[in-house]
Each structure stands twice: as C-alpha cells, then as structure tokens.
Amino acid sequence: MQNELFSQLQPRPDDPILGLNELFQKDERPEKVNLTVGAYLTDAGVMPLLPTVEEATKRVLARREPHAYIPMSGLPAYNEGVRRLLFGAERAPALSDRTATVQTIGGTGALYLAALFAKNVLGVKLVVVSDPTWGNHIAIFKLAGLEVATYPYYNRTLGGLRFDGMRSALSTLPANTMVLIHACCHNPTGVDLPKEAWSEVVKIVKERNLVPLLDIAYQGLGDGLDEDGYAPRLFADEGVATLVAASSSKNFALYGQRAGALHVLTRSNEEKRTVESILKSLVRSSYSNPPKFAGSVVAEVLADPELEARWRNEVDEMRERMVLMRRLFAEAGERHGVDLSFVVGQKGMFSFTGFTKEMMAELREKYAVYGVVNGRICVAGLNHGNVEYAAEAFAKVLAAR
Ligand code: LMR
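The model shown is predicted, which means the values in this text are computed figures rather than measured ones.

The rules behind the values
- Residues numbered from 1 in each chain as written.
- Predicted model: local features only at pLDDT ≥ 70, side-chain atom pairs only at ≥ 80, totals over all residues.
- Heavy atoms only, no water.
- Pairing = 2+ DSSP bridges.
- Helix = DSSP H or I, 4+ residues; strand = E, 2+ residues; numbered from the N terminus.
- Axes fitted to C-alpha atoms, helices over the stretch in contact; angles between N-to-C directions.
- Contact = heavy atoms within 4.5 Å.
- Phe/Tyr/Trp six-rings, centres within 6.5 Å; stacked < 30°, edge-to-face > 60°.
- Buried < 20%, exposed > 50% of the residue type's maximum accessible area, 1.4 Å probe, protein only.
- Lys NZ or Arg CZ within 6 Å of the ring centre and 35° of its normal.
- Core = buried A, V, L, I, M, F, W, Y, C linked by side-chain atoms within 4.5 Å.
- 1 Å grid on protein atoms, 1.4 Å probe; cavity = no way out; pocket = protein on both sides within 12 Å on 5 of 7 lines; lining within 4 Å.
- Points joined across faces, edges and corners; volume = space filled by probe spheres on them.
- Nonpolar A, V, L, I, M, F, W, Y, C, P; charged D, E, K, R; others polar.
- Near = heavy atom within 4 Å.
- Polar contact = N/O pair within 3.5 Å; in protein donor to acceptor, adjacent residues only side chain to side chain.
- Areas by Shrake-Rupley, 256 points an atom, 1.4 Å probe, with all protein chains shown as cover.
- Sits in = over half its atoms within 2 Å of the grid points.
- Parallel < 35°, antiparallel > 145°, perpendicular 65-115°, else oblique.
- Left-handed = near helix turned anticlockwise from the far one by under 90°.

Observations regarding the sheet that holds strand S6 (residues 211-216)
Read across the sheet, seven strands follow the order S2-S8-S7-S6-S5-S3-S4 without closing on themselves; strand pairing throughout is mixed. Of all the strands in the sheet, the pair left with one neighbour each is strand S2 (99-104) and strand S4 (147-152). Taken over all neighbouring pairs, the strand axes of this sheet differ in orientation by 20° on average, direction set aside. Contacts from helix H5 (residues 106-120) reach S2, strand S5 (178-182), S6, strand S7 (242-247) and strand S8 (260-265) within the one sheet, and its direction differs from that of S7 by about 160°. On the sheet, helix H9 (residues 230-237) packs against S6, S7 and S8 and is oriented at approximately 150° with respect to S6.

Take a look at the structure:
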C-alpha cells in the first residue's frame with residue numbers, strides 16, 4: 001500500500017563526530033570539555049570570528065549587491081585566490097593555465113564532486129583510503145558509487161606512521177584506482193607523511209597510473225600555510241594529473257558558510273577547459289551553483305595584500321595555540337602520572353589517543369570529556385581553563401585499566 005512507503009525504513013545511527021557534538025551541547029555538567037568536532041575554539045572556549053573575516057564581511061555587505069546566482073564553477077576571484085594559497089604565489093600564475101578550479105560546498109562538497117568525477121567520468125571503480133581515515137570519506141565515496149578499501153597508514157601499536165605497509169599496498173593497486181591522501185594534518189591521527197615519503201608516493205602514482213586525490217582541509221594548521229602546501233606543490237611540479245579537495249572552513253573559521261574548492265591539475269590548457277566544463281555540468285545537476293557569501297568573503301581577504309597578511313597572522317595564532325595546548329596537555333599528564341606525550345609530535349587539530357571505545361565512553365560518562373569513539377580528540381577544544389582537568393580525566397581512565 002502506498003501509505004506503507006516509509007514503514008519499513010530503519011533509522012540510521014548518529015554521525016560519530018557530529019552526533020557526539022550534539023550530545024555535548026545537551027550535557028548540563030559545568031565541567032564538560034568538547035574534544036569532538038574539528039572546529040577551532042579560542043582559549044576562552046568559543047569559536048572566533050576572525051577580525052580579517054569580519055572586516056571582509058563588512059566590505060562585502062557595504063557593496064549592497066543583490067543575492068544573484070554565481071557561476072556554476074564559483075566566483076573567479078575565490079578560485080584564483082585559493083589556488084594561489086594552495087600552490088603558492090610562485091607557481092600559481094603558470095598553474096592557472098592548466099588547473100581547473102571549482103568553488104564547492106566546503107571541503108566535503110569538493111570530495112563529493114571529486115568522487116562523482118572519478119566514478120562517472122574517469123571510470124574509477126575503487127578508491128583506497130588510509131587506515132584509519134575521517135569516517136565521512138568512506139560514506140561520501142560509497143554514496144558516489146565507489147568501492148572503498150584501505151591502505152595501512154597508522155601503526156596502532158607504536159603510534160607512528162606505517163609507511164612500509166602503505167608503500168607496499170599502493171604498489172599493488174590496479175591502474176585507475178583513486179588514492180585518497182591527507183595532504184597535511186591527518187584526520188584522525190595527526191600523523192603526516194614526511195617529505196621523502198611524498199616523493200615515493202608520487203613515483204608509485206606515476207608508475208601505476210593511479211588517480212591521486214589530496215584532501216587538504218587544514219592548510220595552515222600543521223606547520224604553516226606554505227609548508228602545509230608541500231604535497232600539492234610537489235604533485236604540480238612533477239606534472240602529475242591530480243585532484244585536490246580543499247576547504248576554507250577551518251583556516252578562515254567560516255565553517256557554516258561552506259566554502260571549499262576542487263582543483264584538478266591537468267597537463268594543458270585544453271585539458272583544463274575540458275575538465276572545467278565537465279565539473280560545471282556535474283555541479284549543475286547536483287546543486288546548480290555554490291553559495292556566494294563565503295566565497296566573496298574569502299576572495300575579499302585574498303585580494304587585498306594587507307588584509308591577507310593580517311589573516312596569515314591569525315592562522316599562525318590558531319596553530320600556535322594548538323601547539324601550546326598539546327604541550328600543556330602532555331605536561332599535565334606527567335603531573336597526573338601518565339605519559340600523554342604522543343600529542344606533542346602530532347599535527348593539526350587532532351590527536352589519536354589509542355583509547356578504546358570503552359575508555360572514550362568512560363571519559364564521557366564519568367568526566368564529561370567528549371572525544372570521538374575511535375579515540376580521536378580535537379586539541380583545539382583544550383584551553384588554559386580545562387587542560388588540567390582533561391588530562392586528569394585521561395589519567396584516571398588509564399589508571400583504572
Ligand atoms: C571533523 O573531522 O571533525 C571535521 O572535519 C568536521 C566534520 O564535518 O566531521
């Protein structure tokens with residue numbers, strides 16, 4: 001019967017990251033600490049409105065433009081600005097001739113567009129992701145109809161990179177397999193590839209005709225804006241056909257406005273124009289065109305050298321605060337008799353604690369310290385007011401084992 005249409009449906013579990021963030025908001029315990037979602041908070045525990053973003057917003061609003069549609073590929077000034085940010089001022093002019101850039105609905109939108117392009121246009125069937133990876137990667141790729149498998153990445157026993165395992169796994173992949181690699185600030189482990197490893201990856205990608213997709217959602221929050229661009233710049237220098245999914249959510253603190261970009265490095269201007277036309281048609285049939293506001297704000301910052309210089313300092317401040325919190329968390333661990341020093345060597349917003357899901361549940365239930373079930377914590381949620389308490393909670397959970 002038609003009325004039965006929805007009666008067989010089963011509810012789906014909450015998202016492992018955003019679901020816990022919602023649970024946190026409802027928790028009434030005053031001591032609660034939110035280390036779930038990858039969103040930067042200040043030392044006062046609030047999300048910042050970056051002063052340069054505020055200034056750019058004022059300028060955009062002062063223009064009193066109507067809310068017109070923007071092109072399917074996004075605002076040209078946004079695309080140009082974020083391409084320069086990604087590849088650096090030196091390479092950008094030459095690369096603009098052979099790089100198709102499309103403004104997307106955040107970094108997630110860039111990944112989904114990349115997946116649609118790979119599946120429907122490049123004929124990719126399989127994508128491999130690091131073990132572990134951001135949970136949503138797998139969901140996005142499956143939704144686009146790709147098969148998903150993993151390659152070794154993180155050594156759960158020793159806590160570092162398993163590059164030998166990664167290299168061997170990539171070296172046996174069939175041609176036209178898409179390989180997703182976190183360009184910096186690996187989510188969830190905070191463990192990045194060193195430069196020598198990137199050179200080997202490029203070599204394997206070329207030899208085996210793989211389709212590299214670099215995910216760069218945290219540029220500037222690892223080692224610095226230019227330093228974190230190392231991998232995309234290397235792929236560009238090596239002339240490798242590459243997809244790069246980038247986000248402006250974190251480094252501009254524009255989370256809810258949804259700005260990101262998909263860049264496709266091609267070999268020629270002709271290829272670039274073809275790829276761009278295909279991406280436009282995929283955008284048109286998915287969501288027609290991207291949101292105007294966030295793109296205008298980012299473009300405004302990046303088009304004004306003085307504003308951009310100030311923004312670069314703001315990004316540095318966010319990164320330096322997280323580095324400090326990593327150190328304070330480890331020192332507090334020492335005071336409470338546990339070794340939490342692994343956080344110090346990891347980069348970006350996340351740390352992988354090695355805690356089991358039972359330990360994460362105990363942290364949440366007994367101490368109101370919220371991290372992701374897989375043991376990931378977002379260090380941006382730590383501050384001078386809660387770092388001692390959070391480290392003590394970790395110590396107590398460890399001591400109880
Ligand atoms: C995260 O991993 O917490 C962020 O990328 C936010 C999200 O959408 O999951």
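Things to note about the packing of aromatic side chains
Under the criterion given, the structure shown has seven aromatic pairs. Taking 5.2 Å as the distance between ring centres and 85° as the angle between the ring planes, the aromatic pair formed by Phe-24 and Tyr-370 counts as edge-to-face. Here Phe-24, found in helix H1 (residues 18-26), pairs with Tyr-370, found in strand S10 (residues 369-370); they are 346 residues apart in sequence, far enough to count as distant. The exposure class of Phe-24 is buried, given its relative accessible area of 9%. Summarising the aromatic geometry, the rings of Tyr-218 and Phe-350 are spaced 5.5 Å apart at their centres and angled 80° between planes, so their arrangement reads as edge-to-face. Here Phe-350 lies in strand S9 (residues 350-352) and Tyr-218 lies in the loop between S6 and H9, a separation of 132 residues in the sequence. Neither residue differs from the other here; Tyr-218 and Phe-350 are each classed as buried. Through a chain of ring-to-ring contacts, three or more aromatic side chains come together here, namely Phe-329, Phe-355 and Phe-394. Above the ring of Phe-24, the side-chain terminus of Lys-32 is found at 4.5 Å from the ring centroid. Geometry around Phe-350 places Arg-376 over its ring, the cationic atom sitting 3.7 Å from the centre.

Comments concerning the nonpolar core
Membership of the largest hydrophobic core comes to 98 residues, with the highest contact counts inside it found for Phe-329 and Met-349. The leading source of residues in this core is helix H12 (residues 305-335), at ten residues. Ranked by size, the runner-up nonpolar core spans 32 residues in total, among them Ala-118, Ile-140, Leu-243 and Val-275.

Some points on empty space enclosed by the protein
To find the voids left in a structure, one rolls a probe of water-molecule size over its atoms. Here the structure, examined in full by the defined rule, presents one cavity of 30 Å³ or more. Size it by volume and the largest cavity reaches roughly 90 Å³. Of all elements in the fold, only helix H3 (76-87), S7 and S8 reach the threshold of two or more residues within the lining of the largest cavity. Among the residues making up the lining of the largest cavity, the classes are represented as eight nonpolar, five polar and no charged.

A look at H1
When H1 is considered as a whole, its buried residues turn out to be Gly-19, Leu-20, Asn-21 and Phe-24. The secondary structure elements touched by the buried residues of H1 are strand S1 (33-34), helix H14 (357-367) and S10.

A short note on the site of the ligand
Close contacts around the ligand come from Ile-17, Val-37, Gly-38, Trp-134, Asn-187, Tyr-218, Lys-250, Phe-350 and Arg-376, and that covers them all. Between the ligand and the protein, one listed contact pairs an oxygen atom with a side-chain N or O atom of Asn-187 at 3.0 Å. The contact in question runs from an oxygen atom of the ligand to an N or O atom on the side chain of Arg-376, over 2.8 Å. Isolated, the ligand exposes 260 Å² of accessible area, and the fraction of that covered by the protein chains is 82%. Mapping the ligand onto the cavity grids shows that it belongs to the largest pocket. The class makeup of the residues in the shell around the ligand is five nonpolar, two polar and two charged.

A look at the environment of Pro-13
Within the secondary structure, Pro-13 sits in the segment before H1. Each C-alpha atom, one on Pro-13 and one on Glu-28, is 23 Å from the other, the two residues being 15 residues apart in sequence.

Details of the packing of helix H7 (residues 163-170) against helix H8 (residues 195-208)
Where H7 meets H8, the axes come as close as 10 Å, and the angle between the chain directions of the two elements is 10°. Taken as axis vectors, H7 and H8 run roughly parallel relative to one another. Relative to H8, H7 is oriented so that their crossing is right-handed. Along the contact surface, H7 presents Phe-163, Met-166, Arg-167 and Leu-170, while H8 presents Ala-197, Glu-200, Val-201, Ile-204 and Arg-208. When grouped by side-chain class, the residues that make up the contact of H7 with H8 number six nonpolar, no polar and three charged.

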